[in-house]
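One-letter residues, chain by chain:
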Amino acid sequence: MARMNVLVVGGGGREHALVWKLAQSPKVRAIFWSPGNPAAPCDSKVEKLSLPAEDSDGLARFAEARKVDLAVIGPEAPLVAGLANALRAKGLKVFGPERDGARLEGSKVFSKRFFLRHGIPTGRAEMFSDFASALAFARRHPKPLVVKADGLAAGKGVLLCRDDAEAERALGQVMREKAFGDAGREVLVEECLTGPEVSVMAITDGLDFRVLASAQDHKRVFDRDEGPNTGGMGAYSPAPVFTPELEARVRTEVFERTLVGLKVEKIPFCGVLYAGMMLTPNGPKILEYNCRFGDPETQVVLPRLKSDLAEVLLAACEGRLGNVALEWTFEAAVCVVLAAGGYPGAFLKGDPISGLDAAAAKPGACVFHAGTAIRDSRTVTHGGRVLGVTALGPTLREATARAYAAADAIAFDKKHCRRDIAARALAAG
Ligand code: AMP
Ligand code: GLY
């Protein structure tokens, strides 16, 4: 196989991890990373571009001109907006679903109906586009219940309601005040499920799928799962809750049925199916699908992958995933997210970051940039989630200790991280 030119779209911690892993492949000649982030290039193969993910025409023209052999789209927004369609229209191989497939993430009404049509276990729900009917249903419904805005809402469109007043407020916020814009034109009113949550990612070419190493995210901003939801404050892999029995059920009840459903509905899908699952007393149920790699889950899963990621993703694009076996290291990985004080609310930007090199030099460590910028040739904070500090270790305990040793080497004003990443798994194990 000739060496490949790869385009990676996105600029967060997930994309940094993808670029870092792809750069290790001897099959990769060059990686064009757009818009990228200020992470120091992990390899001379990496070239940054300044085209934003929304510029689908510009990206398609660039990819064609520079003979890109494989395009990998990281975030959900460009997938939902149809970037994969624009790139495929130029004959390019794209890892990431087209607009139709991305509706599994982009519309909770579409995905709920899809789950119901194809017998994929999920919570009971009704869909509404009219406030009065939604409210009348919510009043009749046992509490607590969950109100979900249909469209993308940066992880904020799910509201837990303990009584009628909260349900009325949630529906008002989503449907009348349009707190999430057009995402709230339709809502789901869903039964409240309980149990531990686990995310399960699989790579698929639409015919076959390969489940990735398990990972557990930590969504709340403070220790002991307190405070508001965030994009994810850290992750570890493997996740002991994801037992072989559970994996077998998720394979047959979720991924296999999803692939049958996609086929029946003639929706092509090459990319990641990320199932957010709740392990309820009545069995695993899917809360949502994402149509891309998880962030920060990718920062712990990819360091554990021994296989050549470029080969795996190209095989998926060419419908050859059935011939691919993924190999994983026995080592565990832990990622501690360093956030800007105030996140997920308002936070400051522009604070100088020190200790990046010292952190990266710690045993097993790897520092992924998520929200940084360069100012006066210094790396400064720029996003809510600033860095993802990952470490590999022979055990989960060792990986956790190493990740915190590296995370503690980094300093910036009002740096915040959870101190209990992986703690539950360590206590159980
Ligand atoms: P989602 O975007 O659907 O994953 O929802 C975000 C978070 O809301 C999930 O990670 C769960 O913690 C919570 N959630 C979603 N659906 C439900 C439900 N039916 N019952 C209880 N919690 C839920
Ligand atoms: N870590 C949650 C997500 O990627 O959606």
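The residue numbering used here restarts from 1 in each chain and proceeds along that chain's sequence as written. Think of it this way: whatever chain is written first is A, whatever ligand is written first is 1, and the rest follow in order. Local features in this predicted model are restricted to residues of pLDDT 70 or higher, and side-chain atom pairs are both shown and tallied only at a pLDDT of 80 or more, whereas totals for entire chains, interfaces and linings draw on every residue. Computation of side-chain values: all heavy atoms of the structure, hydrogens and water removed.

Caption draft 1: Expanded view of the overall build of the chain. The helix and strand labels rest on DSSP assignments: H or I over at least four residues marks a helix, E over at least two residues marks a strand, and numbering proceeds from the N terminus. When you go through the chain residue by residue, the secondary structure sums to 14 helices and 23 strands. The globule rule used for comparison is 2.2 Å times the number of residues to the exponent 0.38, while the radius of gyration itself is calculated over C-alpha atoms. Its C-alpha radius of gyration of 21 Å places the chain within 12% of the 22 Å reference for a compact globule of 429 residues. The dimensions of the chain, computed from C-alpha atoms along their principal axes, are 60 × 45 × 45 Å. Partly exposed describes any residue whose relative accessible area lies between the buried limit of under 20% and the exposed limit of over 50%, with all areas from a 1.4 Å probe on protein chains only and scaled to the type maximum. Looking at the 429 residues of the chain, the share that counts as buried comes to 58%. Pairs at least 24 apart in sequence give 68% of the contacts found in the chain among residues at least 6 apart. Note on definitions: a residue-residue contact is assigned when non-hydrogen atoms from the two residues lie within 4.5 Å.

Caption draft 2: Layout of empty space enclosed by the protein. A cavity here means a set of 1 Å grid points, computed over protein atoms only, where a 1.4 Å probe fits but cannot escape. A pocket is an open set with protein on both sides within 12 Å along at least 5 of 7 lines, and lining residues have an atom within 4 Å of a point. Grid points are joined across faces, edges and corners, and a volume is the space filled by probe spheres set on the points. Inspection of every chain in the model, using the stated rule, returns four cavities of 30 Å³ or more. Contributing to the lining of the largest cavity are Leu104, Glu105, Lys108, Ser111, Lys112, Phe115, Lys148, Leu188, Glu190, Leu287, Glu288 and Tyr289. Among the elements of the structure, helix H5 (99–106), helix H6 (108–117), strand S9 (187–191) and strand S17 (283–290) are those that each provide at least two residues to the lining of the largest cavity. Broken down by element, the residue count for the lining of the largest cavity peaks at four residues, all from H6. Along the lines of polarity and charge, the residues of the lining of the largest cavity split into five nonpolar, one polar and six charged. Considering only enclosed or pocket space, the second largest cavity measures out at about 50 Å³ in volume. The wall of the second largest cavity is formed by Gly13, Asp295, Pro296, Gln299, Val337, Phe368, Ala370, Arg385, Leu387 and Gly388. With three residues, the single largest contributor to the lining of the second largest cavity is strand S22 (residues 385–393). Gly falls in the polar group here, along with every residue not listed as nonpolar (Ala, Val, Leu, Ile, Met, Phe, Trp, Tyr, Cys, Pro) or charged (Asp, Glu, Lys, Arg). Taken together, the residues of the lining of the second largest cavity break down into five nonpolar, three polar and two charged.

Caption draft 3: Fine view of the site of ligand 2. Within the structure, ligand 2 sits among Asp217, Gly231, Tyr274, Asn290, Arg292, Gly294, Asp295, Pro296 and Glu297. One of the side-chain N or O atoms of Asp217 is found 2.7 Å from a nitrogen atom in ligand 2. Pairs of N or O atoms are called polar contacts if they sit within 3.5 Å, as long as, within protein, a hydrogen donor faces a hydrogen acceptor (for residues adjacent in sequence, only side-chain-to-side-chain pairs). At a separation of 2.9 Å, a nitrogen atom of ligand 2 approaches a polar side-chain atom of Glu297. Values of accessible area rely on a 1.4 Å probe in the Shrake-Rupley scheme; residue burial ignores everything except the protein chains shown. Relative to its unbound accessible area of 190 Å², ligand 2 is 88% covered by the protein chains. Each residue belonging to the shell around ligand 2 can be placed in one class, and the counts come to two nonpolar, three polar and four charged. To be near a molecule or strand, a residue needs just one of its heavy atoms within 4 Å of it.

Caption draft 4: Summary view of the environment of Gly12. If you trace the backbone, Gly12 turns up in the loop between strand S1 (4–10) and helix H1 (13–23). Considered as a pair, Gly12 and His369 are 357 residues apart in the sequence and their alpha carbons are 6.7 Å apart. Excluding residues within four positions of it along the chain, Gly12 makes contact with Trp33, Asn37, His369 and Ala370.

Caption draft 5: Inspection of the environment of Tyr274 at higher detail. Here Tyr274 shows up in strand S16 (residues 271–280). You can call Tyr274 buried: its relative accessible area is 4%. Taking the C-alpha atoms as reference, Tyr274 lies 6.8 Å from Ser199; in sequence the two are 75 residues apart. With residues up to four places along the chain from it excluded, the contact list for Tyr274 reads Ser199, Val200, Met201, Glu288, Tyr289, Asn290, Arg292, Phe293, Gly294 and Glu297. Within the structure, the side chain of Tyr274 is placed 2.6 Å from the side chain of Glu297, a separation counted as a polar contact.

Caption draft 6: Focus on helix H2 (residues 56–65). Among the residues of H2, those classed as buried are Gly58, Leu59, Ala60, Phe62 and Ala63. Elements that come into contact with the buried residues of H2 comprise S1, strand S2 (28–35) and helix H4 (83–88). Lys67 sits one or two residues past H2 and shows a positive phi near 55°.

Caption draft 7: Focus on the site of ligand 1. In the neighbourhood of ligand 1, 13 residues make up the surrounding shell, with Glu190, Glu191, Leu193, Glu197 and Glu288 lying closest. Between ligand 1 and Glu288 there is a distance of 2.9 Å, counted from an oxygen atom to a side-chain nitrogen or oxygen. Here ligand 1 has 470 Å² of accessible area as a free molecule, and 86% of this is covered by the chains. Those elements that place two or more of their residues in the shell around ligand 1 are strand S7 (145–149), S9 and S17. The residue inventory of the shell around ligand 1, partitioned by class, reads six nonpolar, no polar and seven charged.

Caption draft 8: Quick peek at the sheet that holds S2. With parallel pairing, five strands are arranged side by side in an open sheet as S3-S2-S1-S4-S5. What marks the edges here is a single partner per strand, and that holds for strand S3 (46–48) and strand S5 (94–95). Any two strands with at least two DSSP-identified bridges between them are counted as paired. In the sheet, S1 pairs with S2 via seven bridges, with the strands oriented parallel. Bridge assignment links Val9 to a residue of S2, and that residue is Ser34.

Caption draft 9: Spatial organisation of the sheet that holds strand S8 (residues 158–161). Pairing is antiparallel in the open sheet, where four strands are placed in the order S6-S9-S7-S8. Edge strands, defined here as strands with exactly one partner in the open sheet, are strand S6 (125–128) and S8. Strand-to-strand, the axes of this sheet are offset by a mean angle of 20°, without reference to chain direction. Examined bridge by bridge, S7 and S8 share four bridges and lie antiparallel to one another. Across the sheet, the residue bridging to Val147 is Leu159, located in S8. Each of S6, S7, S8 and S9 touches H6; the most contacted strand, S9, lies at about 45° to it. Helix-sheet contacts for helix H7 (residues 131–140) involve S6, S7 and S9, and the interaxial angle to S6 is about 160°. A fitted line through C-alpha atoms represents every axis, and for helices the fit uses only the stretch in contact; the resulting angles, taken between N-to-C directions, go from 0 to 180 degrees.

Any link to function would need more than the numbers given here.
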